[in-house]
Amino acid sequence: MAISAAIGTPLETCLAQAVDANPALKDTAAVIAAVARSAVEISERIGRGALGGDLAAAGEHNSDGDVQKALDVIAHESVTAALRTAPVAEVASEEAEEVMQLNPDAPLAVAIDPLDGSSNIGVNMAVGLIFGIRPSIKDPANPLASFTTPGSTQIAAGFVTYGPATALILTLGEGTQSYVLDRAEGTFKLTSPAMSVPASTKEFAINASNARHWDAPVKAYIEDCQRGTEGPRDKDYNMRWLASLVADIQRVLTRGGVFLYPGDARKNYARGRLRLLYEVAPVAMLVEQAGGTATDGQTRILDLVATGIHERAPLVCGSTEEVACVATYYAGGKPDAGRSPLFGQRGLMRS
Ligand SMILES: O=P(O)(O)OC[C@H]1O[C@](O)(COP(=O)(O)O)[C@@H](O)[C@@H]1O
Ligand SMILES: [Mg+2]
Ligand SMILES: [Mg+2]
């Protein structure tokens, strides 16, 4: 439901209001409160920086082959301990190979990236946590049943950004809200009851070091953005890349933009880098609920169905007009052929 509380209202009060309006959200609210408790703990830990030990110390490899840093493991243990106290049957975590069974009779399943933006650990840059909450499907024959449904079955989704401020971005399926942690009180408080992604933008986010590996539509789209007013897009673009999905998406949710992590030609990158269940699908729900669009380039993310819990998916999301523009490149076209270098307003053959 949409949140109508005043700015500054504590998360707990907002959740209680949501449950009053829709009692079916009671268990979901309990899960969100548990995730928020873990986020407060991790925020304090990150805030101490190197005074709290070497959070970037390398450990084992995780399911995706990434080296786990100390903070990846600390965050995973903190959030799964919190979820054990909530009505959660199963957890799919980036940091666990298999689905974790918590409270078997509980009604909900949670997909979680306990620590997003791991390359930013230890350099005082923004990192975060991402989660998506789904109904738990009890199917003894299929231990993945709760997670092999479309992203549109998510009941709620959110992420936390541990940045200059610790923020919680949340949707309960109707609108996207933001909260900021009041460090003095250890409580998240409402800062925006309805985030709204502007339909158009002049800002894109992509890891440009991968340009030589991109497919033709992404290459053409980014090249045209870079040509600015000299090219068919006829506007000068800015580029931002924080290497932290949560921070990049918080910017897109706040002032618009388009975020791309496409598939590319590198080994194991045919479907990009981001994981469908605990990164792409929650972000897609938040972006859609804020009036933006989220696709894999062409197909709506929330229609995609995972076949494994660590499956990847390309992500193109943010301002609706810009995401639609990327889709035209994938469909083999250009957004406005009438403004091509040859025929456009500044073209050689202006009519
Ligand atoms: O290092 P790259 O290829 O730019 O990838 C950065 C992306 O990888 C991620 O760090 C992946 O998440 P994890 O840190 O949870 O593995 C995203 O937050 C970020 O957008
Ligand atoms: Mg991540
Ligand atoms: Mg992670």
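Quantities reported herein were computed from a predicted structural model and do not represent experimental measurements.

Take the coordination of the magnesium ion (ligand 3) next. Only Glu-94 (OE), Asp-113 (OD) and Leu-115 (O) from the protein coordinate the magnesium ion (ligand 3), and they sit 2.1 to 2.2 Å from it. Between the magnesium ion (ligand 3) and the magnesium ion (ligand 2), a separation of 3.7 Å is found, and both are coordinated by Asp-113. Highlighted residues: Glu-94 in the loop between β3 (88-93) and β4 (100-101) and Asp-113 in strand β5 (residues 108-116), separated in sequence by 19 residues. Accessibility classification places Glu-94 together with Asp-113 in one group, the buried group.

Before going further, it helps to spend a moment on the coordination of the magnesium ion (ligand 2). Looking at the metal site, the magnesium ion (ligand 2) is ligated by Asp-113 (OD), Asp-116 (OD) and Glu-279 (OE), spaced 1.8 to 2.1 Å from it. All donors of the magnesium ion (ligand 2) belong to a single chain; written as a sequence motif, their spacing is D-x2-D-x162-E.

Next up on the list: the packing of aromatic side chains. Centre-to-centre distance and the angle between the planes together describe a pair of aromatic rings. Applying the stated rule across the entire model yields 4 aromatic pairs. Both rings, one in Tyr-221 and one in Tyr-329, keep their centres 5.6 Å apart while their planes meet at 75 degrees; by these two values the pair is edge-to-face. Of this pair, Tyr-221 sits in helix α4 (residues 216-226) while Tyr-329 is found in helix α7 (residues 320-330), placing the two residues 108 residues apart along the sequence. Taken as a pair, Tyr-221 and Tyr-329 share a single burial class, namely buried. Aromatic pair Trp-241 and Phe-259: ring centres 5.3 Å apart, planes at 25 degrees, arrangement stacked. Of the two residues, Trp-241 sits in the loop between β12 (238-239) and α5 (245-255) while Phe-259 sits in strand β13 (residues 258-261), which places them 18 residues apart along the sequence. Cation over ring: Arg-266 sits above Tyr-269, and NZ or CZ is 3.6 Å from the ring centre. The side chain of Arg-312 reaches across the aromatic face of Tyr-269, ending 5.0 Å from its centre.

This brings us to helix α2 (residues 26-47). Taking 1.5 Å per residue as the helical rise, α2 with its 22 residues ought to reach 32 Å, and the 31 Å between its terminal C-alpha atoms agrees with that figure. Taken residue by residue, α2 has Thr-28, Ala-29, Val-31, Ile-32, Ala-34, Val-35, Ala-36, Ser-38, Ala-39, Val-40, Ile-42 and Ser-43 as its buried positions. A positive phi of about 50 degrees marks Gly-49, the residue just after α2.

So, on to the sheet that holds strand β7 (residues 156-162). On the basis of which strands lie adjacent, the open sheet formed by 8 strands has the order β4-β3-β5-β6-β7-β8-β9-β10 and mixed pairing. Only two strands of the sheet have a single partner each, and these edge strands are β4 and β10 (187-192). As defined by bridge partners, β5 adjoins strand β6 (residues 127-135) across 7 bridges and the pair is classed as antiparallel. For Asp-116, the partnering residue across the bridge sits in β6 and is Gly-128.

Turning to the pairing of β13, a few remarks are in order. Burial of β13 is two-sided: the residues Val-258 and Leu-260 facing one way and the residues Phe-259 and Tyr-261 facing the other way are all buried. Across 2 bridges, the pairing between strand β11 (residues 203-205) and β13 is parallel. Pairing of Ala-205 across the sheet is with Phe-259, part of β13.

Here we take up the site of ligand 1. Around ligand 1, 17 residues are found, and the nearest of them are Asp-116, Ser-118, Asn-207, Tyr-261 and Arg-273. At a separation of 2.7 Å, an oxygen atom of ligand 1 approaches a polar side-chain atom of Asn-207. Against a free-state accessible area of 470 Å², the protein chains account for coverage of 91% of ligand 1. When residues in the shell around ligand 1 are grouped by element, the largest group, 3 residues, is from β5. Here the shell around ligand 1 is composed, by residue class, of 6 nonpolar, 4 polar and 7 charged. In terms of domain composition, the shell around ligand 1 takes at least three residues from each of domain 1 (11-192) and domain 2 (203-339).

For β6, a buried count of 8 out of 9 residues is recorded, marking the element as mostly surrounded by other parts of the structure. In the sheet, β6 pairs with β7 via 7 bridges, with the strands oriented antiparallel. Residue pairing for β7: Val-127 is matched across the bridge by Tyr-162.

Here we come to the pattern of salt bridges. Inspection of the entire model under this criterion finds 14 salt bridges. One salt bridge connects Lys-189 with Asp-182, and the closest N-O pair in it is separated by 2.8 Å. Here Lys-189 falls in the buried class, since its relative accessible area comes to 19%. One continuous salt-bridge network, built from bridges that share partners, spans Glu-203, Asp-248, Arg-251 and Arg-255.

About the thresholds
Residues numbered from 1 in each chain as written. Chains lettered and ligands numbered in written order. Predicted model: local features only at pLDDT ≥ 70, side-chain atom pairs only at ≥ 80, totals over all residues. Heavy atoms only, no water. Donors = N, O, S within 2.8 Å, 3.2 Å for Na, K, Ca; no water. Helix = DSSP H or I, 4+ residues; strand = E, 2+ residues; numbered from the N terminus. Buried < 20%, exposed > 50% of the residue type's maximum accessible area, 1.4 Å probe, protein only. Phe/Tyr/Trp six-rings, centres within 6.5 Å; stacked < 30°, edge-to-face > 60°. Lys NZ or Arg CZ within 6 Å of the ring centre and 35° of its normal. Expected span 1.5 Å × (residues − 1). Pairing = 2+ DSSP bridges. Near = heavy atom within 4 Å. Polar contact = N/O pair within 3.5 Å; in protein donor to acceptor, adjacent residues only side chain to side chain. Areas by Shrake-Rupley, 256 points an atom, 1.4 Å probe, with all protein chains shown as cover. Nonpolar A, V, L, I, M, F, W, Y, C, P; charged D, E, K, R; others polar. Domains from an automatic or database assignment. Salt bridge = Lys/Arg side-chain N within 4 Å of Asp/Glu carboxyl O.

By themselves these figures say nothing about function.
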